[in-house]
Amino acid sequence: MVQNVNSQSQFGTINRVGNTPDGRVVYQVVNPNGQIAGGLSVAQKDCDTFERSYNTMMNAAPKLEKYMQTHTEDDIKRLQKKGKWIIGGSGLVGALIPAIATYKMKTWQQILISLGGAIIGLIGGIKIGSKVMTPPGAAELNKATQEISKLDIQPIV
């Protein structure tokens, strides 16, 4: 068990409070003001994943919030444009280098090798461009959200 879900944060907290008779683990949701906002139960087999994902979300949220406070909409658009240029430029360079290096080969060989280089360049550009365009904490938050969405979690009324 992870068992350190009870960490206090500006976004509220989730406290592990016990088990249901059918073996599910009960969590109490507390809002940032300290008031009980509700409850939920998680299947015993999913507790570790739930707690780990929750902690990841609580660690990533301040990074993302800080990024949004320090970057204007124009800054974000500029970074997105830069990322698109990186992707396109990488694909172009990936195609040009093999095309120039294979100028003595037959045309069909040049086309195939250049196409392969373009694909490799695009893949590399996408990886680099996504790093430039993605705010810190967003990837971790997205992954944790996807993990939690797959779990057997039920609200307690």
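It should be noted that the structure appears before, not after, this text.
Reference entry: report on the structure contained in this document. As the structure is a computational prediction, the values presented were derived from the model and not from experiment. (Residues numbered from 1 in each chain as written. Predicted model: local features only at pLDDT ≥ 70, side-chain atom pairs only at ≥ 80, totals over all residues. Heavy atoms only, no water.)

A tally of helices and strands in the protein yields four helices and four strands. Mapped in sequence order, the helices and strands of the protein form the string β-β-β-α-α-α-α-β. Its C-alpha radius of gyration of 24 Å places the protein more than 25% over the 15 Å reference for a compact globule of 157 residues. Across its three principal directions, the C-alpha atoms of the protein cover 75 × 40 × 25 Å. Evaluated residue by residue, the protein yields a buried proportion of 29% over its 157 residues. Within the structure as shown, the protein displays about 10300 Å² of accessible surface, and the carbon and sulfur contribution to it stands at 61%. (Helix = DSSP H or I, 4+ residues; strand = E, 2+ residues; numbered from the N terminus. Rg over C-alpha atoms; globule rule 2.2 N^0.38 Å. Buried < 20%, exposed > 50% of the residue type's maximum accessible area, 1.4 Å probe, protein only. Areas by Shrake-Rupley, 256 points an atom, 1.4 Å probe, with all protein chains shown as cover.)

On to the pattern of salt bridges. Counted according to the given criterion, the structure contains five salt bridges. The closest approach of N and O atoms between Lys77 and Glu73, which form a salt bridge, is 3.5 Å. Of this pair, Lys77 and Glu73 both sit in helix H2 (residues 73-101), four residues apart, roughly one helical turn. Assessed through its relative accessible area of 56%, Glu73 is described here as exposed. (Salt bridge = Lys/Arg side-chain N within 4 Å of Asp/Glu carboxyl O.)

So, on to the packing of helix H1 (residues 47-70) against helix H4 (residues 138-149). One can describe the packing of H1 onto H4 by two numbers: an axis separation of 8 Å at closest approach and a directional angle of 150 degrees. The orientation of H1 with respect to H4, classified from their angle, is roughly antiparallel. Crossing of H1 over H4 shows left-handed handedness. Where H1 abuts H4, its residues Thr49, Phe50, Ser53, Tyr54, Thr56, Met57, Ala60 and Leu64 lie against Ala138, Glu140, Leu141, Ala144, Thr145, Glu147 and Ile148. Its residues assigned to classes, the contact of H1 with H4 comprises nine nonpolar, four polar and two charged. (Axes fitted to C-alpha atoms, helices over the stretch in contact; angles between N-to-C directions. Parallel < 35°, antiparallel > 145°, perpendicular 65-115°, else oblique. Left-handed = near helix turned anticlockwise from the far one by under 90°. Contact = heavy atoms within 4.5 Å. Nonpolar A, V, L, I, M, F, W, Y, C, P; charged D, E, K, R; others polar.)

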